[in-house]
Amino acid sequence: MDGNILDISEIKKLSVKDLFKKFSSGKKGLSDSSAKKRIEQYGFNEISEKKVNPLLKFLSYFWGPIPFMIEVAAVLSAIINHWEDFWVIFALLLLNAIVGFWQEYKADDAINLLKKKLALKARVLRDGKWKEVSAKELVPGDVVRVRLGDIVPADLKLFDGDYLSIDESSLTGESLPVEKHTEDVAFSGSVIRQGEMNGLVVATGMNTFFGRTAKLVEEAKTISHFQKAVIKIGNYLIVLAAFMIAIIFLASLFRNESFLDTLQFALVLTIAAIPVALPAVLSVTMAVGASVLAKKKAIVSKLVAIEEMAGMDILCSDKTGTITKNELTLAEVLPFKGFIADDVLLFASLASREEDQDPIDSAIINKSKSVKTIVEKWDSFKIKDFKPFDPIIKRTEATIEDSEGKTYRISKGAPQAILSLLTGENKEKMSELVNRQIEDFAAKGFRTLGIAKTDEKGNWHYVGLIPLFDPPREDSAETIKTAQNMGVNVKMVTGDHTAIGKQIAEKVNLGNNILEVSAFLDKPEKEAINIVEKADGFAQVYPEHKYRIVELLQEKNHIVGMTGDGVNDSPALKKADVGIAVAGATDAAKSAADIVLTSPGLSVIIDAIKESRSIFQRMNSYAIYRIAETIRVLFFITLAILAFDFYPVTAIMIVLLALFNDAPIMAIAYDNVKYSKNPEKWDMRIVLSMATFLGSIGLISSFGIFYIGQEVLHLSREVLQTFIFLKLAVAGHLTIFLTRTRGPFWTIKPSSVMFWSAVSTKILATFVAVYGWFITPISWNLALMVWGYALVAFLISDFLKVRIYTLLDHTGIKFHK
C-alpha cells in the first residue's frame, strides 16, 4: 500500500476502481486489523485544534486592566517601603492568576469531555459486516455508508447508490445543495440533505479538503441574556467604585495627605470593589452544570443554552420517541383486493433496509421474520436498486427482480404519498377506501403505512395498509404534569394524523386542542399567534412548519424550546431559544441543537430545566452578594474617611479581605439550591432592592462595631483597624448565607464545599487578626466579641430579609419562591 497522501485533484481524476487498488481495499471493506494498522500510519480522523502553551496561558492572567492595577499597587507599595503590603499584594496577584487558570482549565476540561460525547459516528463495512464506529477511527480504504441527515465523516469517493444532495455551505459558503453521483467526491463536514450512497474513504483528518483549507479560528461565543445582565452589574459596581474612590482621593488631597499612600489605597480599594471573580464564577458554574447534565443524559453543546432553558416557558415536543416509546408494533395488516396479508408484509420488507436501523423498517422486518412463509420467499427476490426514504416525497422505493426474471418496483411510505402513485380510475376507487381506513386506524391511535407495487406494464397498484402503534412512555404523563407544574407549557408536535395526536394527547394528560398546521399557516400574523399560543399541539407537521411555530411564539416574547431529530429540523432548532436534538437524532440535527439528548423521553428535558434553574439561583445569589458587599465596604470606608478623617482599614487589610473572599465565591458553583417552580426571569428590581438592603444593614453594623471599638472600648487606631477588619471578614462571608435563600437561612442546607470554604476562611481571618500576621494583633476576647456581634447582626439581617421579600411580593414586585 502506498502511504503517500493524495491531493484532491488526484482523487477527482482517479476512478473508484483505481482508488480501491491504491488503498488495497475492496467493496467489502477492510478488516479490523488492517484498519488499526492504518490508524498508526495516518493518525486519527480528526482535525487538530490549536494548542495553547499552558505557561503562556498562565502568564496571560498577569495581563489586562485588573492585574495591571494590582501590579501598580504592588510597585507603589515598594516605592513607599511598605514591603509587607508588597508581598501580600503580590500574593493576591499570584492567587488571581492561579485561580483563574485552574478554573478555566476545569471548565475547558468539562467542555472537551462533552465534545467527545458528541463525537460523530460512522457506518463502516469491516470484515464484510456493517458496524457503527467513531468517525475518528476511519482510515483510507474504508467503505462507509452516508444517508439523509449524516455529516460526512471523511472525504469520500462515491461508488454505490443513486445520488446525494449535499449541503456544502460550511465549506464553500454556497447555500444551495450540490448533487453528487458515482465517481464524485463528498467532502468531510458537509451535510447529507437527500439520498443514500456508499463511499470509499480517500482522506481523513488534516488531509481532508476541510482540514487543509479551513482556517481554525476561535468559535464566536454567544453572550446570553443572563450573562449580559451580570456583566451590567459588574460595570455598575466599577462605576460606583470609581465614584467613591474619587471622593476619597479629593478628600485626601484637600487634607494634604501623602499622594502615593492615597494612590496605593485607592488602587487596592478598586481591586477589592470590582468583581474580579466574575468571569471565573460564570464559566465554572456553567461547566459544573453542563457536567451534571451530561450524567443525566443531556449533552450541552452551547453552554449559554443552560441559562436560556431556565427561562423557557413553552416546550414544543416531538411525539415519536419523546412522548411515545418509539417501539413500533404492527397491528393486523389490511390487504386490498387481489392481495393477501403475507403479500403486504413481504413487499413492505423488500422496500426496507435492515442495516439502516430505521425504527419502521426494523419493526416490519422483525414481523416478517416471524412469518415462515415470507422468510421462504425472500431468497427468490433480488433487489436491483433501492431508494431510501426521502422526507420530501415521504416514501422509499425498491426495484425488484423475481425468480422468473421479471422486474417491478415496490414503494412503502405515507398512505397519501403512495396514493399519489396511482392513476386514473384506480386512484379514484382507492382514494375513498384508503382515507376511510386511515381515519379508522387513527381513531385507534395507529399510524398507517401504505404499500404499492407495479405490474408488468409499470402501473402502480395499492397492495395494502400496515397499522403501526407506538405507545406512550410510562413516564410521559407524569413528566408532562411536572413540566406544567414548573410553568412550562408542553405542546405536542407530530407529523401523524390529527386523530392519532389527540388520542396520544389524551393518554398523557395534554389537552385535546390538537390542530393541523393549516389552522394557522395562512392566517394574519396576530390571529396565527393566538391560535398557536392556545393550541395544545400540532398534527401533520412538516419540518418547515416547526420554524413557523417557534417564530410565532417568540413574537409573544415566549422563551421557546423545540425538539427535533431530522436534517430538516435544523432551521427550527437554530431558531428556538433552546434547540433540543432528541435521542437518535441525525448528525445535522445534533450540530444545530443547543442540547443533545442521549436518552429517550421527556424526563431528560425536565432534568435539564431543573438544573438550569438551579444554576440561575446560584448566579442570582452571587449577584446580590457582590452588590451588597460593594455597598457595605465602599460606603463604610468612604463615609468613615469623610466623616471621621479615619481610615477604618489599611490597604493590606483590603487585600486580605479580597483574598479571603475568593474561595467561598468559587464554591457558589457547587452550592445546594432549590430550583424555582416557575420560569426564571432576570429581575434587577429584586436584585438591587435586596442587595441595597443587605448592604445598608452591613453598613450600619460596621459603624456599630466602629462605635464600640472607639467610644466603648477606647481601642488604639491600629487595634481598632484590626477589630473592624475581622468584623468585615466574618460578616462578609456570612452575607453569602443570607443571599443564597429567600426564606430563613436554614431552609436550604449549604453544600459541604460551600460551608467549609466559608468557615475555613473566617477561621483563617481570625488567626490573622489574633496573631498579627501582616497587621496589628488583637486579643482573643476582642476576636470572640467580633464573632458574637457578627452572628447577632447576621440573625437580625436574616429576619429582616425574609420580611423585605414578603413586602416586595405584596407590593407587586414578583419573585419565584
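Residues numbered from 1 in each chain as written. Predicted model: local features only at pLDDT ≥ 70, side-chain atom pairs only at ≥ 80, totals over all residues. Heavy atoms only, no water.

In this structure, what is going on with the overall build of the protein chain? I would like to understand it.
Per the secondary structure count, the protein chain includes 31 helices and 23 strands. Counting the 817 residues in the protein chain, one finds 54% classified as buried. Residue pairs at least 24 apart in sequence account for 71% of intrachain contacts in the protein chain once pairs closer than 6 positions are excluded. Accessible area of the protein chain: about 36,600 Å², with a carbon and sulfur share of 57%. (Helix = DSSP H or I, 4+ residues; strand = E, 2+ residues; numbered from the N terminus. Buried < 20%, exposed > 50% of the residue type's maximum accessible area, 1.4 Å probe, protein only. Contact = heavy atoms within 4.5 Å. Areas by Shrake-Rupley, 256 points an atom, 1.4 Å probe, with all protein chains shown as cover.)

Just checking my understanding: could you explain the confidence of the model for the protein chain for this structure?
Interpretation of the predicted coordinates at a detailed level should be avoided for regions scoring low in pLDDT. Counting all residues, the mean pLDDT for the protein chain is 80, and 83% of those residues have values of 70 or more. The model gives residues 213-222 a pLDDT under 50, and that stretch makes six contacts with residues more than four places away or in other chains. This model gives residues 812-817 a pLDDT under 50, and the stretch forms 20 contacts once residues within four places in sequence are excluded. (pLDDT = per-residue confidence, 0-100.)

For this particular structure, what's the right way to read the environment of Asn207?
Tracing the backbone shows Asn207 in the loop between β8 (191-203) and α8 (209-213). Distance from Asn207 to Asp155, taken between C-alpha atoms, is 8.9 Å for residues 52 residues apart in sequence.

When you look at the packing of aromatic side chains in this model, what are you seeing that I'm missing?
Geometry of an aromatic ring pair is reported as the spacing of the ring centres plus the angle between the planes. Applying the stated criterion to the full structure yields 17 aromatic pairs. Plain terms: the ring middles of Tyr771 and Trp780 are 6.2 Å apart, the flat faces sit at 80° to each other, and that makes the pair edge-to-face. Residue classification places Trp780 among the partly exposed positions, given a relative accessible area of 39%. Aromatic ring contacts, followed pair by pair, group Phe636, Phe644, Phe646, Phe703 and Phe706 into a single cluster. Residue placement shows Arg145 over the ring face of Trp130; its charged tip is 4.6 Å from the ring centre. (Phe/Tyr/Trp six-rings, centres within 6.5 Å; stacked < 30°, edge-to-face > 60°. Lys NZ or Arg CZ within 6 Å of the ring centre and 35° of its normal.)

What am I meant to see in the nonpolar core here?
Here is a general trend for soluble globular proteins: nonpolar side chains tend to be buried in one another's company. With 70 residues, the main nonpolar core has Phe265, Leu269, Ile637, Val649, Ile724, Phe725 and Leu726 as its most contacted residues. Of all the elements in the fold, those that place two or more residues in this core are α9 (225-254), α10 (259-273), α26 (603-644), α27 (651-667), α28 (684-712), α29 (717-739), α30 (752-771) and α31 (780-810). For this core, the leading source of residues is α29, giving 12 residues. Ignoring anything within four residues of it in the chain, the contact list for Ile637 reads Ile248, Phe265, Leu269, Pro648, Val649 and Ile654. Formed by 44 residues, the second largest nonpolar core is a distinct cluster that contains Ala483, Leu602, Ile615 and Ala667. (Core = buried A, V, L, I, M, F, W, Y, C linked by side-chain atoms within 4.5 Å.)

Explain the sheet that holds strand β20 (residues 537-539) to me, please; I cannot follow it from the model alone.
Either a parallel or an antiparallel arrangement is found when strands of a sheet pair, and the pairing is made through backbone hydrogen bonds. Within the open sheet, the eight strands sit side by side as β9-β23-β22-β21-β10-β18-β20-β19. Their pairing is mixed. Where the open sheet ends on each side, the last strands, each with one partner, are β9 (298-300) and β19 (514-516). Averaged over all pairs of adjacent strands, the angle between their axes in this sheet comes to 20°, without regard to strand direction. Across four bridges, the pairing between strand β21 (residues 560-564) and strand β22 (residues 578-581) is parallel. The partner of Gly564 across the bridge, within β22, is Ala581. Sitting on the sheet, helix α22 (residues 525-534) touches β18 (489-493), β19 and β20, and the angle it makes with β18 is about 100°. (Pairing = 2+ DSSP bridges. Axes fitted to C-alpha atoms, helices over the stretch in contact; angles between N-to-C directions.)

I keep staring at the pairing of strand β4 (residues 155-160) and nothing clicks. Help me out?
The two faces of a sheet get side chains in turn, since along a regular strand they alternate between them. With five of its six residues buried, β4 lies for the most part within the structure. The sheet contact formed by β4 and β8 spans five bridges and is antiparallel. Within β8, the position partnered with Asp160 by the bridge is Asn198. By the bridge criterion, two bridges tie β4 to strand β7 (residues 185-186) in an arrangement that is antiparallel. Paired with Lys157 across the bridge in β7 is Val185.

Hey, could you run me through helix α14 (residues 341-350) in this one?
Side chains of residues three or four places apart in an α-helix project in the same direction, reflecting 3.6 residues per turn. Of all 10 residues that make up α14, eight are buried, and the element is covered over most of its length. Three or more residues of α14 are buried, namely Asp343, Val344, Leu345, Leu346, Phe347, Ala348, Ser349 and Leu350.

Would you take a moment to explain the environment of Lys394 for this structure?
Mapped onto the elements of the fold, Lys394 is located in the loop between β13 (382-390) and β14 (395-401). Relative accessible area serves as the criterion here: at 26%, Lys394 is assigned to the partly exposed category. Through-space distance from the C-alpha of Lys394 to that of Gly413 is 5.8 Å; in sequence the pair is 19 residues apart. Once you skip the residues sitting within four places of it in the chain, Lys394 turns out to touch Phe389, Gly413, Ala414, Ala417 and Tyr542.

Please clarify how the side chain of Thr735 should be interpreted in this entry.
By the secondary structure assignment, Thr735 is in helix α29. Of note is the side chain of Thr735, whose polar atom sits 2.9 Å from the backbone oxygen of Ala731. (Polar contact = N/O pair within 3.5 Å; in protein donor to acceptor, adjacent residues only side chain to side chain.)

Would you mind going over unusual backbone geometry with me for this structure?
Peptide bonds are mostly trans, and most non-glycine residues show a negative phi. With phi around 55°, Gln540 is a residue other than glycine that occupies positive phi space. Classification of Gln540 by relative accessible area gives partly exposed; the value is 31%.

Looking at this structure, I do not really get the environment of Lys674. What am I missing?
Positionally, Lys674 belongs in the loop between α27 and α28. For the pair formed by Lys674 and Gln617, sequence separation is 57 residues and the distance between their alpha carbons is 7.8 Å. With residues up to four places along the chain from it excluded, the contact list for Lys674 reads Gln617, Thr747 and Ile748.

Even after reading the chapter, I still don't get the pairing of strand β1 (residues 121-126), so can you show me in this structure?
Extensive coverage of β1 is indicated by the burial of five of its six residues. The pairing of β1 with strand β2 (residues 129-134) spans six bridges and is antiparallel. Following the sheet pairing, Ala122 is matched in β2 by Val133. Hairpin connection, β1 to β2: the antiparallel pair is bridged by two residues, and Asp127 has positive phi, about 55°.

Would you mind going over helix α23 (residues 543-555) with me for this structure?
The end-to-end C-alpha distance of α23, which contains 13 residues, comes to 19 Å, matching closely the 18 Å that a straight helix rising 1.5 Å per residue would cover. Of the positions making up α23, those classed as buried are His545, Lys546, Arg548, Ile549, Val550, Leu552, Leu553 and Gln554. Positive backbone phi, approximately 65°, marks Asn557, located one or two places after α23. (Expected span 1.5 Å × (residues − 1).)

I keep staring at the packing of α22 against α23 and nothing clicks. Help me out?
Helix-helix packing: each pair is described by the crossing angle between the helix axes and the interaxial distance. At a closest axis distance of 9 Å, the pairing of α22 and α23 adopts a crossing angle of 100°. When the axis of α22 is compared with that of α23, the two are roughly perpendicular. In this structure, α22 uses Glu525, Ala528, Ile529, Val532 and Glu533 to contact α23, whose residues at the interface are Arg548, Ile549, Leu552, Leu553 and Glu555. (Parallel < 35°, antiparallel > 145°, perpendicular 65-115°, else oblique.)

How do you make sense of the pattern of salt bridges when you look at a structure like this?
Summed over the entire model, instances satisfying the criterion amount to 21 salt bridges. The salt bridge involving Arg632 is made with Glu629; its shortest N-O contact spans 2.6 Å. In this pair, Arg632 and Glu629 are both assigned in helix α26, three residues apart and thus about one turn of the helix distant. Judged by its relative accessible area of 5%, Glu629 falls in the buried class. (Salt bridge = Lys/Arg side-chain N within 4 Å of Asp/Glu carboxyl O.)

Where do I start with the side chain of Arg740 in this structure?
The topology assignment puts Arg740 in the loop between α29 and α30. Within polar-contact distance, the side chain of Arg740 engages the side chain of Asp671 at 2.7 Å. Excluding residues that lie within four positions of it along the chain, Arg740 makes contacts with Ser621, Asp671, Asn672, Phe745, Ile748, Lys749, Pro750 and Met754.

Just to check I follow, could you spell out the packing of helix α19 (residues 476-485) against α26 for this structure?
At their nearest, the axes of α19 and α26 sit 9 Å apart, and the two run at 25° to each other. With respect to their mutual orientation, α19 and α26 come out roughly parallel. Crossing geometry of α19 relative to α26 is assigned as left-handed. Residues Thr479, Thr482 and Ala483 of α19 form the contact with α26, whose participating residues are Ser603, Ile606 and Lys610. Split by residue class, the contact of α19 with α26 holds two nonpolar, three polar and one charged. (Left-handed = near helix turned anticlockwise from the far one by under 90°. Nonpolar A, V, L, I, M, F, W, Y, C, P; charged D, E, K, R; others polar.)

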